[in-house]
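Read off the chains here:
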Amino acid sequence: MFRSFFPQPKLFFLSALIWTAIVVAFWYLLGDDIGRWLGFNLPDGETEPVIGVGFFVTPQFLWFYCYYLFVSAVFALFWFTYSPHRWQWWSVVGSQLILFTTYFSVQVMVAINEWRRPFFDAVQNALSKEGSVTSDLLYGLIIDFASIAFVAIIVLVMTNFFVKHYVFRWRTAMNNYYVSRWEEVRNIEGASQRIQEDTMRFASIVEDLGVKIIESVMTLFAFLPVLFALSKYVTEFPLIGQIPAPLFNAALAWSIFGTLVVAIAGAKLPGLYFKNQRVEAAYRKELVYGEDHADRAQPPTLRELFGNVRKNYFRLYFHYCYFDIFRYSYLQADNIFVYVILIPTIAAGAITFGLLQQILTAFGQVSSSFQYLVNSWATIVELQSIHKRLAGFEATFEGRKMPELA
C-alpha cells in the first residue's frame, strides 16, 4: 500500500514528522527575526488585520511562502538523493504541494473570519442607529468578501483537481505492484477483489479522508492563535467562572470528551467491517464457482455462507445502533455548546455582534478540527477494514500467516 508509492515509508513518514516539528519550531522561535534580516517588512507586535484579498500578500505571507519553498526543497532533495523512487515527484513533492494548498485554504477561512467583525459590526450599527453607516461602506465590505471568495474558489478547484490525480497515481502504484506479483497471489481468496476493488476504495477514501486530516491540523495551526486572542473578550463561564484562555480550553475539553465517547462506542466496528468483507467474499466466491461447476454452490452450502453474512450484518446493525445514539447526541449538543458557555458574556453586553460572529466561527473551526474522529469515524472504520484486507493480502508476499477471520 505504501512502499509502492513512498520511498521507505516508515522512515519517510518519521522523517517528515521530525522535519515538520523542526521547521515549525524554527518558524515560531526565529522566523520573524530571519525574515527581517532578509529584508521583509514584518511588523513588531499586533497590527490591524488586512481585510480583503490583500490579506494574502502581506509581508508575513510573502516571507512564509519563501520559507515553505525552501524547507520543502531541502526535504525533497534529501529523499531524491537518499532513496530515489519511481513515484518520488508525486509522493514527495506532490504531498508538499497538497500541504501548502490546504494551509492556504485554511488561511482563506481566517481571512473571512477577519472580515466578519467589521461587516457585522457595521450591520449592527446600521440597524441600531439610522445614518451611522453608509451604503458605500457595506458595498465595499461585500466586495472584499467577494475577492476572498474568488481566491478560495480557484484554490479549492485546483487543489481538488490535483488531489484526484495524486490519489490515482497512488492507486496506479499499488495496482502495478500487486499485478507484478500476480502468479504468487492469484490463488488467494478474493485476489481479484483486493487488486481491483480494494485499491479503488482505498484511493477514494484517502482522497477524502487524507485531505480532511491535513485540513484539520492546518486549521488548528491557523485558528488557535485567533481563539486565544478572542478569549480576552469572554468574561466568564456558567458555573465555572473565569479561567485562563477560556475559549481554547472549552474547545479542547469538549472535543476530547466527544472523541473519547465516540471512540469507545465504536470500538467494535472496525473488526466487524473486516469480517463483513471476508464473509461476503466467501459467499461471492462460491457463487462464481457455481457458474462453472455443477457440484459447487449447492443450496446447503449457500445457506450456510449466507447465514454467516446475515449474522455479521445483524451484529453490525446492533453495534451501530448504540454508536449512533452516542454520536448524534454529542453532535446535537455541540450545536448549542458554544452559545451556552457564552451566555454570561452575551448577557453582560461585553461583545459586539461582529465579535460574536468571529468567536462562533473560530470556536467552530477549532472544535471541528479536534472532533475529526467524531465526524469521520464511519469512514475511518471503513478505511481500517480495507487496510486490514490489503495488509493480509500483502502478507502472502512475505510468507507470513494471513489474518484469521474473527
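This one's a predicted model, so the numbers in the text were calculated from it and none came from an experiment.

Draft legend 1. Molecular detail of the overall build of the protein chain. In terms of regular secondary structure, the protein chain is built from eleven helices and zero strands. In sequence order, the secondary structure elements of the protein chain are arranged as α-α-α-α-α-α-α-α-α-α-α. For the protein chain, buried positions account for 42% of its 406 residues. In the protein chain, 78% of the contacts between residues at least 6 apart in sequence involve partners at least 24 apart. For the protein chain, the exposed surface amounts to about 22,300 Å²; the carbon and sulfur share of it is 65%.

Draft legend 2. Seen up close, the nonpolar core. Counting residues in each nonpolar core, the largest one holds 50 residues, and the members touching the most others are Phe-56, Phe-223, Leu-227, Leu-247, Leu-342 and Phe-363. Taken together, the elements giving at least two residues each to this core come down to α1 (9–37), α2 (59–82), α3 (88–128), α4 (135–180), α6 (191–230), α7 (246–265), α9 (299–347) and α10 (353–370). In terms of residue count, α6 provides more of this core than any other element does, eight residues in total. Ignoring any residue separated from it by four or fewer positions in sequence, one finds Phe-56 in contact with Phe-61, Tyr-65, Phe-104, Gln-107, Val-108, Ala-111, Ile-148 and Val-151. With 28 residues, the next largest nonpolar core counts Phe-5, Trp-87, Val-167 and Leu-209 among its residues.

Draft legend 3. Layout of the UniProt feature "transmembrane region" (unreviewed entry) in the protein chain. On the UniProt side, "transmembrane region" (unreviewed entry) is annotated at positions that read residues 12–30, 62–82, 89–112, 137–163, 209–231, 251–274 and 336–356 here. In residues 251–274, helix accounts for 88% and strand for 0%; the two terminal C-alpha atoms are 34 Å from one another.

Draft legend 4. Spotlight on the confidence of the model for the protein chain. For the protein chain, per-residue confidence averages 81 on the pLDDT scale, and 88% of positions sit at 70 or higher. Ranking the helices and strands of the protein chain by mean pLDDT puts α2 first, with 93, and helix α5 (residues 182–185) last, with 65.

Draft legend 5. Examining a nonpolar patch on the surface more closely. There is a patch of nonpolar side chains on the surface, built from Leu-11, Leu-14, Ile-18, Ile-22, Phe-78 and Tyr-82 and spanning about 580 Å² of accessible area. Mapped by element, the contributors of at least two residues to the nonpolar patch are α1 and α2. In terms of residues, the nonpolar patch owes the most to one element, α1, which gives four residues. Relative to the helices and strands, Leu-11 resides in helix α1.

Draft legend 6. Representation of α3 within the structure. Helix length check: α3 (41 residues) gives 59 Å between terminal C-alpha atoms against 60 Å at 1.5 Å per residue, within 8%. The largest bend in α3 is about 30°, located at Gly-94.

Draft legend 7. Summary view of the packing of α9 against α10. As a packed pair, α9 and α10 sit with axes 11 Å apart at the nearest point and diverge in direction by 140°. With respect to α10, the element α9 is oriented oblique. For the element pair α9 and α10, the recorded crossing hand is right-handed. Between α9, through Asp-334, Phe-337, Val-338, Tyr-339, Ile-341, Leu-342 and Ile-346, and α10, the contact on the second element is made entirely by Leu-356, Ile-359, Leu-360, Phe-363 and Ser-367. Along the lines of polarity and charge, the residues of the contact of α9 with α10 split into ten nonpolar, one polar and one charged.

Draft legend 8. A look at the packing of aromatic side chains. Throughout the structure, instances matching the rule amount to 46 aromatic pairs. When the centroid spacing of 5.7 Å and the interplanar angle of 55° are considered together, the rings of Phe-12 and Phe-75 count as tilted. Of this pair, Phe-12 sits in helix α1 while Phe-75 is found in helix α2, placing the two residues 63 residues apart along the sequence. Like Phe-12, the residue Phe-75 is buried in the burial classification. Look at Trp-79 and Tyr-82: their rings are 5.6 Å apart centre to centre, the planes differ by 80°, and that puts the pair in the edge-to-face class. In this pair, Trp-79 and Tyr-82 are both assigned in helix α2, three residues apart and thus about one turn of the helix distant. The class of Tyr-82 is partly exposed, set by a relative accessible area of 46%.

About the thresholds
Residues numbered from 1 in each chain as written. Predicted model: local features only at pLDDT ≥ 70, side-chain atom pairs only at ≥ 80, totals over all residues. Heavy atoms only, no water. Helix = DSSP H or I, 4+ residues; strand = E, 2+ residues; numbered from the N terminus. Buried < 20%, exposed > 50% of the residue type's maximum accessible area, 1.4 Å probe, protein only. Contact = heavy atoms within 4.5 Å. Areas by Shrake-Rupley, 256 points an atom, 1.4 Å probe, with all protein chains shown as cover. Core = buried A, V, L, I, M, F, W, Y, C linked by side-chain atoms within 4.5 Å. UniProt positions renumbered as here; feature names shortened; annotations may be inferred. pLDDT = per-residue confidence, 0-100. Patch = residues over 30% accessible without salt bridge, like charges linked within 9 Å, V, L, I, M, F, W, Y side chains within 5 Å. Salt bridge = Lys/Arg side-chain N within 4 Å of Asp/Glu carboxyl O. Expected span 1.5 Å × (residues − 1). Bend = angle between axes of the 7 residues up to and from the residue. Axes fitted to C-alpha atoms, helices over the stretch in contact; angles between N-to-C directions. Parallel < 35°, antiparallel > 145°, perpendicular 65-115°, else oblique. Left-handed = near helix turned anticlockwise from the far one by under 90°. Nonpolar A, V, L, I, M, F, W, Y, C, P; charged D, E, K, R; others polar. Phe/Tyr/Trp six-rings, centres within 6.5 Å; stacked < 30°, edge-to-face > 60°.

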